[in-house]
Structures are given as structure tokens and as C-alpha cells.
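Here are the chains, one letter per residue:
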Amino acid sequence: MPDRRLERLERELMLVARCSVLTPRERKGQATEAQDSPAQPNTGPAALKEPHPDRCTDEPCAVPTRLDRSGYLLLSRLDAEGAMSIGQLADAFQLDVSTVNRQTGALLRAGLVERIPDPAGGLARKLRITPQGADRMAAERTCRQTDLSRLLESWPSDEVARLEDVLTRFNREVERQEGRAWPRESGEA
């Protein structure tokens with residue numbers, strides 16, 4: 001593969017990673033009514049974000065707060081794999097334990113995950129998604145799918161399918177090389 005092609009590919013992957021359409025971010029100095037209101041409980045700054053006013057305004061996406069990238073990824077992993085320890089999550093995401101501890105702390109304070117004894121009888125406590133966490137994750141997934149649908153609405157269906165195939169192949173190759181597969185449903189290719 002020519003070096004210029006790899007340079008362009010690396011840049012495009014970097015741009016996908018920063019995509020704010022699917023991963024809303026709170027901007028410094030842009031407090032919302034919910035953040036300013038003393039009646040609102042503090043649910044942890046790392047996991048919950050207010051939606052951008054131009055985003056996710058259709059009926060199914062009218063959620064009061066959005067999950068940030070780390071909160072969504074952690075909840076998705078716990079939902080897919082079941083209860084996991086901080087160490088297992090750190091290994092799954094190749095992150096430092098202190099980073100995962102901080103990120104899961106925000107989810108704990110928000111009531112989106114809970115600590116439970118290890119179901120297998122081990123010493124380490126595990127984290128499990130709560131019903132509230134599952135609801136929030138489902139709402140966030142709906143928002144992201146709605147945003148993605150808007151983004152790709154002018155694309156022909158065969159190009160959307162090709163994009164899905166290429167991204168799936170790419171992710172599976174990353175998982176194979178790292179030895180860390182993301183849990184998928186049994187019917188997924």
C-alpha cells in the first residue's frame with residue numbers, strides 16, 4: 001500500500017474517532033439549564049452530558065442527558081458481557097485501572113452501574129449495569145442511530161452496507177491482533 005494512502009487512511013480513522021455527531025461533548029463554558037438548576041442532582045461529569053441543541057431532537061431521542069463516549073462504551077461492554085471487575089474492564093479497553101475506576105465512579109454515582117459480589121465467588125467485586133443504566137444506554141443507542149441515519153440519509157443502501165462490512169472487517173482484525181474480541185451476538189458476522 002503506498003505511503004500516501006496509509007497517511008490518508010490514518011487521518012480518516014482519527015477523524016472518525018473524534019466524531020462528535022455520535023459522541024456528544026460538553027463544551028467549556030456552555031452550561032445548560034439542567035446543570036445550572038440546583039434542583040438537578042449531580043450525576044457525575046464524566047459519564048453524562050447534555051445534548052447539543054441541534055442533535056437528537058426527534059421524539060425517540062428526547063433524553064434529558066446524553067452519555068459521553070467512555071460512559072457509553074463501558075455500559076455497552078457490561079451489557080454485552082455481563083458483570084466485570086475494574087481490572088477486567090481495564091484489560092478489555094487497554095486502559096489504566098485508575099482511569100477505568102474514575103470513569104466507572106461517575107456511572108456508579110449516577111446509578112447506571114452497581115457493585116456486586118463476584119458471581120463466581122472470587123474476591124474482586126464486579127460492576128453490573130442497572131435497569132436505569134440499561135434504559136439510558138438504550139436511549140443513547142437510539143439517539144446515536146438516529147444521528148447516524150441523518151448523516152447517511154443521502155447514501156445509497158449498498159454503500160451503507162459496504163461501509164458496515166469494511167468497518168466490521170477492520171474491527172475484527174484489530175481484535176484478532178490485540179487478542180481482545182468484543183462480545184457480539186451469536187448471529188453477527
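All of the points below concern the structure found in this document. All values reported here derive from a predicted model rather than from experimental measurement. (Residues numbered from 1 in each chain as written. Predicted model: local features only at pLDDT ≥ 70, side-chain atom pairs only at ≥ 80, totals over all residues. Heavy atoms only, no water.)

**Some remarks on the packing of helix 3 (residues 69-81) against helix 4 (residues 86-93)**
Then, number 1: In the contact formed by helix 3 and helix 4, the axes pass within 12 Å of each other and the chain directions differ by 110°. When the axis of helix 3 is compared with that of helix 4, the two are roughly perpendicular. For helix 3 against helix 4, the interelement crossing comes out right-handed. Taken together, the residues of helix 4 that come into contact with helix 3 (itself represented by L73, L74, R77 and L78) are L89, A92 and F93.
Then, number 2: Considering only residue class, the contact of helix 3 with helix 4 consists of 6 nonpolar, no polar and 1 charged. (Axes fitted to C-alpha atoms, helices over the stretch in contact; angles between N-to-C directions. Helix = DSSP H or I, 4+ residues; strand = E, 2+ residues; numbered from the N terminus. Parallel < 35°, antiparallel > 145°, perpendicular 65-115°, else oblique. Left-handed = near helix turned anticlockwise from the far one by under 90°. Contact = heavy atoms within 4.5 Å. Nonpolar A, V, L, I, M, F, W, Y, C, P; charged D, E, K, R; others polar.)

**Focus: the packing of aromatic side chains**
Then, number 1: One pass over the full model with this rule turns up 1 aromatic pair.
Then, number 2: Note that R77 overlies the ring of W182, its terminal NZ or CZ placed 4.9 Å from the centroid.
Then, number 3: In this arrangement the basic side chain of R144 is found over the ring face of Y72, its NZ or CZ atom lying 3.9 Å from the centre. (Phe/Tyr/Trp six-rings, centres within 6.5 Å; stacked < 30°, edge-to-face > 60°. Lys NZ or Arg CZ within 6 Å of the ring centre and 35° of its normal.)

**Describing unusual backbone geometry**
When glycine is set aside, most residues are seen to have a negative phi, and most peptide bonds are trans.
Then, number 1: Even without a glycine there, the phi angle at Q94 is positive, about 55°.
Then, number 2: As for its position among the elements, Q94 is in the loop between helix 4 and helix 5 (97-109).

**Looking at helix 5**
Then, number 1: Here helix 5 contains 13 residues, and its C-alpha end-to-end distance of 18 Å stays within 8% of the 18 Å for a straight helix at 1.5 Å per residue.
Then, number 2: Three or more residues of helix 5 are buried, namely T99, V100, Q103, T104, G105, A106 and L107.
Then, number 3: The elements touched by buried residues of helix 5 are helix 3, helix 4, strand 3 (113-116) and strand 4 (126-129).
Then, number 4: Positive phi appears at G111, one or two residues downstream of helix 5, with a value of about 75°. (Expected span 1.5 Å × (residues − 1). Buried < 20%, exposed > 50% of the residue type's maximum accessible area, 1.4 Å probe, protein only.)

**Looking at the packing of helix 3 against helix 6 (residues 131-151)**
Then, number 1: Remark: helix 3 packs on helix 6, axes separated minimally by 10 Å, with the N-to-C direction vectors making an angle of 115°. The handedness of the crossing between helix 3 and helix 6 comes out as left-handed. Of the residues in helix 6, those in contact with R69, Y72, L75, S76 and D79 of helix 3 are G133, M137, E140, R141 and R144.
Then, number 2: Here the residues of the contact of helix 3 with helix 6 sort into 3 nonpolar, 2 polar and 5 charged.

**Notes on a nonpolar patch on the surface**
Then, number 1: Residues L6, L9, L13, F170 and V174 make up a contiguous nonpolar surface patch of roughly 380 Å² in combined accessible area.
Then, number 2: Going through the elements one at a time, helix 1 (3-17) and helix 7 (157-178) are the ones with two or more residues in the nonpolar patch.
Then, number 3: With respect to the helices and strands, L9 occurs in helix 1.
Then, number 4: The exposure class of L9 is partly exposed, given its relative accessible area of 42%. (Patch = residues over 30% accessible without salt bridge, like charges linked within 9 Å, V, L, I, M, F, W, Y side chains within 5 Å. Areas by Shrake-Rupley, 256 points an atom, 1.4 Å probe, with all protein chains shown as cover. Salt bridge = Lys/Arg side-chain N within 4 Å of Asp/Glu carboxyl O.)

**Considering helix 4**
What sets the pattern is the α-helix's 3.6 residues per turn: residues three or four places apart point alike.
Then, number 1: Buried residues of helix 4: I86, L89, A90, A92 and F93, and no others. End-on view of helix 4: buried residues confined to an arc of 165°, all on one side of the axis.
Then, number 2: At its buried positions, helix 4 is contacted by helix 3, helix 5 and strand 4.
Then, number 3: Positive backbone phi, approximately 55°, marks Q94, located one or two places after helix 4. (Arc of directions from axis to C-beta.)

**Looking at the pattern of salt bridges**
Then, number 1: What the rule picks out here adds up to 12 salt bridges.
Then, number 2: The salt bridge partner of R144 is E140, with a shortest N-O separation of 2.9 Å. Here R144 pairs with E140, and both are found in helix 6, just 4 residues apart, close to one helical turn. In terms of burial, R144 and E140 fall into one category: buried.
Then, number 3: A salt bridge links R150 to D147; its shortest N-O distance comes to 3.4 Å.

**A few points about the environment of I116**
Then, number 1: Locating I116 in the fold gives a position in strand 3.
Then, number 2: When the C-alpha positions of I116 and K126 are compared, they lie 5.3 Å apart, and in sequence the two are 10 residues distant.

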